[in-house]
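Next come the chains, spelled out residue by residue.
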Amino acid sequence: ENDFLNNPKIDRILSDKNLVQFFDAQIVTLYNFDKFLGNSKGLLRQFLDFLHNIYYRYVTGRYKKGLEWLNNNELSIDYKFGDGRQIIMQDKIKYDIIFLDAFTPNKCPCLWTKEFFEMLYSHLSDDGRLLTYTSSASVRNAMIAAGFYVGKIKDNISNKYVGTICTKNKSLIKYDLSEFDLGLLKTSAGIFYRDKNLNGLNEVIKLSRAQEVEKSGLLSSTKYKLMYNSKEGVNYG
């Protein structure tokens, strides 16, 4: 992405008067701002996504409807750059909705630890919801250890469970964890990541958990699934 930011061809395309009609002015501004900052992880992603769907605004009315909705609702986004752990510790806001879309726990464990969820718990309103795509046993266990009630997110179109919800208010949980899910939390897969001071390196956090898993003596998730699946008339979920 840094090569993308420093590519003169991209600059020429964005400044070409014959092509300007194809680009949203706000997105171009974000690109230039992101290039100035030298940080490509947040704003640039929006620009890349916009390029990927550049024809979108010309083949459907949804673009204009979406833009009209944004304008009517005066939606604004406050971007913050840096280590999410440090940012949330300095934040004083109580949120009604938190979307946690970090890289997978194995790639970025620092944003999936018990301690991080404890921080998120303190920043969530009493009737707030924290939503994430992952169904990881270690993540769900960390949520529970942090004080949350935990349930599943269901996609009614595909009729499949597609993620995890946690809240302070149990009545907001529509789909409870199943018997299988709860059993999985008790296996070695349910051992959560730890980051006591919220400043640990990812590799250190991963190594620490791996050592805890090795010493735990708990049943592996693979063996648990085989045992559970062998029960007559019982399915996962």
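In this text, all values refer to a predicted model and were calculated from it rather than measured experimentally.

### Thoughts on the overall build of the protein chain
Inference 1: Assigned secondary structure in the protein chain consists of 12 helices and five strands.
Inference 2: Going through the 237 residues of the protein chain one by one, you find that 34% of them count as buried.
Inference 3: Considering only contacts within the protein chain whose residues lie at least 6 apart along the sequence, 65% involve residues at least 24 apart.
Inference 4: Total accessible area on the protein chain is roughly 15400 Å²; 54% of this is exposed by carbon and sulfur atoms.

### As for the pairing of strand β1 (residues 95-100)
Inference 1: Relative to strand β2 (residues 124-132), β1 runs parallel, the two sharing five bridges. For Leu-100, the partnering residue across the bridge sits in β2 and is Thr-132.
Inference 2: This β-α-β element, β1 to helix α8 (residues 114-122) to β2, shows right-handed connectivity.

### Observations concerning a nonpolar patch on the surface
Inference 1: Among the surface-exposed residues, Ile-77, Tyr-79 and Phe-81 lie close enough to one another that they form a single nonpolar patch of about 280 Å² accessible area.
Inference 2: On the secondary structure map, Tyr-79 appears in the loop between α6 (62-73) and α7 (84-90).

### Considering the packing of aromatic side chains
We describe a pair of aromatic rings using the distance from one ring centre to the other and the angle between the two ring planes.
Inference 1: This structure, assessed with the given rule, holds seven aromatic pairs.
Inference 2: Arranged with centres 5.9 Å apart and planes meeting at 70°, the rings of Tyr-161 and Tyr-175 form a pair that is edge-to-face. Here Tyr-175 lies in strand β5 (residues 175-176) and Tyr-161 lies in strand β4 (residues 160-167), a separation of 14 residues in the sequence.
Inference 3: For Tyr-161, a relative accessible area of 38% gives the class partly exposed.
Inference 4: For the ring pair Phe-180 and Tyr-224, a centre distance of 5.4 Å and an interplane angle of 25° mean the geometry is stacked. Residue Phe-180 is found in helix α10 (residues 179-185), and its partner Tyr-224 is found in helix α12 (residues 221-229); the two are separated by 44 residues along the sequence. The same class applies to Phe-180 as to Tyr-224, namely buried.
Inference 5: Ring pairing ties together the aromatic residues Trp-112, Phe-117 and Tyr-133, which thus form one cluster.
Inference 6: Just above the ring of Tyr-161 sits the side chain of Lys-152; from NZ or CZ to the centre is 3.9 Å.
Inference 7: Positioned over the ring face of Tyr-193 is Arg-209, at 5.1 Å from the centre of the ring.

The rules we used
Residues numbered from 1 in each chain as written. Predicted model: local features only at pLDDT ≥ 70, side-chain atom pairs only at ≥ 80, totals over all residues. Heavy atoms only, no water. Helix = DSSP H or I, 4+ residues; strand = E, 2+ residues; numbered from the N terminus. Buried < 20%, exposed > 50% of the residue type's maximum accessible area, 1.4 Å probe, protein only. Contact = heavy atoms within 4.5 Å. Areas by Shrake-Rupley, 256 points an atom, 1.4 Å probe, with all protein chains shown as cover. Pairing = 2+ DSSP bridges. Right-handed = clockwise from strand over helix to strand, strands pointing away. Patch = residues over 30% accessible without salt bridge, like charges linked within 9 Å, V, L, I, M, F, W, Y side chains within 5 Å. Salt bridge = Lys/Arg side-chain N within 4 Å of Asp/Glu carboxyl O. Phe/Tyr/Trp six-rings, centres within 6.5 Å; stacked < 30°, edge-to-face > 60°. Lys NZ or Arg CZ within 6 Å of the ring centre and 35° of its normal.

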